[in-house]
Amino acid sequence: MVSNEVECYVINLERDRQKKSYMEELLSNLGVSAVFFHAIDGSLIKPSQKVDLYSSIGSRAKIGRVLTSAEIGCALSHIEVYKKIILQDKKYALILEDDVIIEPDFKSVCAAAVERIENSDIIFLGSHTSSNRHKDVFLKIRGKTQISLGRYIGYPAEPPYGAYAYLVSRASAKKMLEIVANLSLPIDHYTSSSALLDIKVIKPSVIRVNSKLETLSNLNEDRYRLHQAKLRISKKNRLRKNIIIGLGVYPIYKAFSKKIRIFFNILNPT
């Protein structure tokens, strides 16, 4: 365990023995015990079953595409862990996916985060921006606090994506179940929503995605395939994009627009 108040859950597909062995050794070296939860394998979900598991109409309306089988399985796995957290004795839970790298100061940072979770729904020990899985999100100036040498906790100025390392309380787990009752998005679209949850983030991340193990997952491959299909059929802003692309400045335009939004969010006290 991370502490007497925290239960650690590792979400792992039963067939991914390599990842389980990796996580067992990683956590053992840190002196952390964990409960391994058998993840729901999205590849085994039949098309006829998906109708009852999530809203494809909702996902098309919100992100312009259906969810991949891997995304559905991932979301359902987190949901099942929330149900376990509600019934556990400990007040808090740390949810980990099985393809992460954990920094040596993880336990002390986690302990510091637990002390600050009382008024928050979720604290991310690891997260990333929407465009780069290895880049930390910006934090708002107000409320930003140093919790250890070189690490800070604060409110994110942009959505913190990735559901591979976050702390929740029993009350937060119950709240998450209510939020995802009508599932229509990947799980990290819910956990990263400041409109739905009170979110704090550790920066720099103390837990990151393991790039080598990440390549064993078909999640990103499926997402990329659907994203490309979405781009082919989407007509929204096509003329404007074509003009900008024709001028050769689309990457600059996109990056500049995002930085402007983040800048104002950093200054935004709420």
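A quick note: this is a predicted structure, and the numbers were derived from the prediction, not measured.

Thresholds applied
- One numbering rule holds for all chains: residues counted from 1, following each sequence as written.
- In keeping with the model being predicted, local features are shown solely for residues with a pLDDT of at least 70 and side-chain atom pairs are shown and tallied solely at 80 or more, while totals for entire chains, interfaces and linings include all residues.
- The side-chain numbers reported here are obtained from all heavy atoms of the structure, hydrogens and water having been left aside.
- Secondary structure follows DSSP: runs of H or I at least 4 residues long count as helices, runs of E at least 2 residues long count as strands, and numbering of each begins at the N terminus.
- Whether two residues are in contact is decided by their heavy atoms: any pair within 4.5 Å suffices.
- One bridge is not enough; two strands pair if DSSP finds at least two bridges between them.
- Inter-axis angles, ranging from 0 to 180 degrees, are taken between N-to-C directions of lines fitted to C-alpha atoms, where helices are fitted over the stretch in contact.
- Place the viewer so that the strands point away; then a crossover is right-handed whenever the path from the first strand over the helix to the second strand goes clockwise.
- Put simply, a patch holds well-exposed residues, over 30% relative accessible area, that have no salt bridge, with like charges counted together within 9 Å and Val, Leu, Ile, Met, Phe, Trp or Tyr side chains within 5 Å.
- Method for areas: the Shrake-Rupley scheme with a 1.4 Å probe, in which residue coverage is limited to the protein chains shown.
- The term salt bridge refers to a pairing of a side-chain nitrogen on Lys or Arg with a carboxyl oxygen on Asp or Glu at a separation within 4 Å.
- Any residue under 20% of the maximum accessible area for its type is buried, any over 50% is exposed, and the rest in between are partly exposed; the area is computed with a 1.4 Å probe on protein chains only.
- Any pair of Phe, Tyr and Trp rings, taking the six-membered ring for Trp, is counted once the centres come within 6.5 Å. Such a pair is stacked with planes under 30 degrees apart, edge-to-face with planes over 60 apart, and tilted for the rest.
- Counted as over-ring charges are cases with an Arg CZ or a Lys NZ within 6 Å of the ring centre that also lie within 35 degrees of the ring normal.
- Under the rule applied, a polar contact is a pair of N or O atoms within 3.5 Å (in protein, one hydrogen donor and one hydrogen acceptor; residues adjacent in sequence only if both atoms are side-chain atoms).
- Multiply 1.5 Å by the residue count of a helix minus one, and that product is the helix's expected span.

### Quick look at the overall build of the protein chain
Okay, step 1: Helix and strand counts for the protein chain come out as 11 helices and 10 strands.
Okay, step 2: Long-range contacts, defined as pairs at least 24 residues apart, comprise 79% of the intrachain contacts of the protein chain with a sequence gap of at least 6.

### As for the sheet that holds strand 2 (residues 35-38)
The strands that make up a sheet are held in pairs by hydrogen bonds between backbone atoms, and each pair lies either parallel or antiparallel.
Okay, step 1: Strand order in the open sheet formed by eight strands is 2-1-3-8-5-9-7-6, and the pairing between neighbours is mixed. Because the sheet does not close on itself, it has two edges, and the strands there are strand 2 and strand 6 (145-148). Taking each pair of neighbouring strands and ignoring which way they run, the sheet shows an average axis angle of 25°.
Okay, step 2: By the bridge criterion, six bridges tie strand 1 (residues 6-12) to strand 3 (residues 92-97) in an arrangement that is parallel. If you follow V10 over to strand 3, its bridge partner there is L96.
Okay, step 3: Where helix 4 (residues 69-87) meets the sheet, it contacts strand 1, strand 2, strand 3 and strand 8 (165-169), and its direction lies at approximately 160° from that of strand 3.
Okay, step 4: This element, helix 6 (residues 170-179), spans strand 5 (122-124) and strand 8 of the sheet and lies at about 100° to strand 8.

### Considerations on unusual backbone geometry
Okay, step 1: Going from K203 to P204, the amide bond is cis rather than trans, its omega being -5°.
Okay, step 2: Within the secondary structure, P204 is located in the loop between strand 9 (199-203) and strand 10 (207-209).

### Here's the deal with the pairing of strand 2
Okay, step 1: Pairing analysis gives four bridges linking strand 1 to strand 2, with the strands arranged parallel. In the strand pairing of strand 2, N12 is matched with H38.
Okay, step 2: In terms of handedness, the path from strand 1 via helix 1 (residues 17-29) over to strand 2 forms a crossover that is right-handed.

### Description of a nonpolar patch on the surface
Okay, step 1: Where nonpolar side chains cluster on the molecular surface, the patch consists of I141, F256, I260, F263, F264 and L267 and spans about 650 Å² of accessible area.
Okay, step 2: Along the chain, the position of F256 falls in helix 11 (residues 250-267).
Okay, step 3: With relative accessibility at 54%, the residue F256 sits in the exposed group.

### Overview of the packing of aromatic side chains
Okay, step 1: Under the criterion given, the structure shown has one aromatic pair.
Okay, step 2: Between F124 and Y166 the ring centres are 6.0 Å apart and the planes differ by 45°, which places this aromatic pair in the tilted class. With F124 in strand 5 and Y166 in strand 8, this pair connects stretches of sequence that are 42 residues apart. We note that F124, like Y166, is buried.
Okay, step 3: Seen from the ring of Y152, K144 lies directly overhead, with NZ or CZ sitting 4.9 Å from the centre.

### Some words on the environment of G73
Okay, step 1: With respect to the helices, strands and loops of the structure, G73 is situated in helix 4.
Okay, step 2: With 29 residues separating them in the primary sequence, G73 and L44 have C-alpha atoms 8.9 Å apart.
Okay, step 3: Ignoring any residue separated from it by four or fewer positions in sequence, one finds G73 in contact with I40, G42 and I45.

### A closer look at the pairing of strand 1
Okay, step 1: Judged by how many residues are buried, strand 1 sits mostly within the fold: seven of seven residues are covered.
Okay, step 2: Burial of strand 1 is two-sided: the residues V6, C8, V10 and N12 facing one way and the residues E7, Y9 and I11 facing the other way are all buried.

### Section: the side chain of R151
Okay, step 1: The residue R151 is located in strand 7 (residues 151-154) in this model.
Okay, step 2: Within polar-contact distance, the side chain of R151 engages the backbone oxygen of P204 at 2.9 Å.
Okay, step 3: Beyond its immediate stretch of four places on either side in the chain, R151 contacts E103, D105, V109, T145, Q146, I202, K203, P204, S205 and V206.

### Thoughts on helix 4
Okay, step 1: An ideal rise of 1.5 Å per residue puts 27 Å on 19 residues; helix 4 measures up with 28 Å between its terminal C-alpha atoms.
Okay, step 2: Restricting attention to buried positions, one finds in helix 4 the residues A70, E71, I72, G73, A75, L76, S77, H78, I79, V81, Y82 and I85.

### Looking at the environment of I45
Okay, step 1: Structurally, I45 is set in the loop between strand 2 and helix 2 (47-53).
Okay, step 2: Among the residues examined, I45 registers a relative accessible area of 11% and is labelled buried.
Okay, step 3: Residues I45 and G73, spaced 28 residues apart in sequence, show a C-alpha to C-alpha distance of 8.0 Å.
Okay, step 4: Residues within four places of I45 in sequence aside, it is in contact with I40, K50, L53, I72, G73 and L76.

That's the geometry; what it means functionally is another story.
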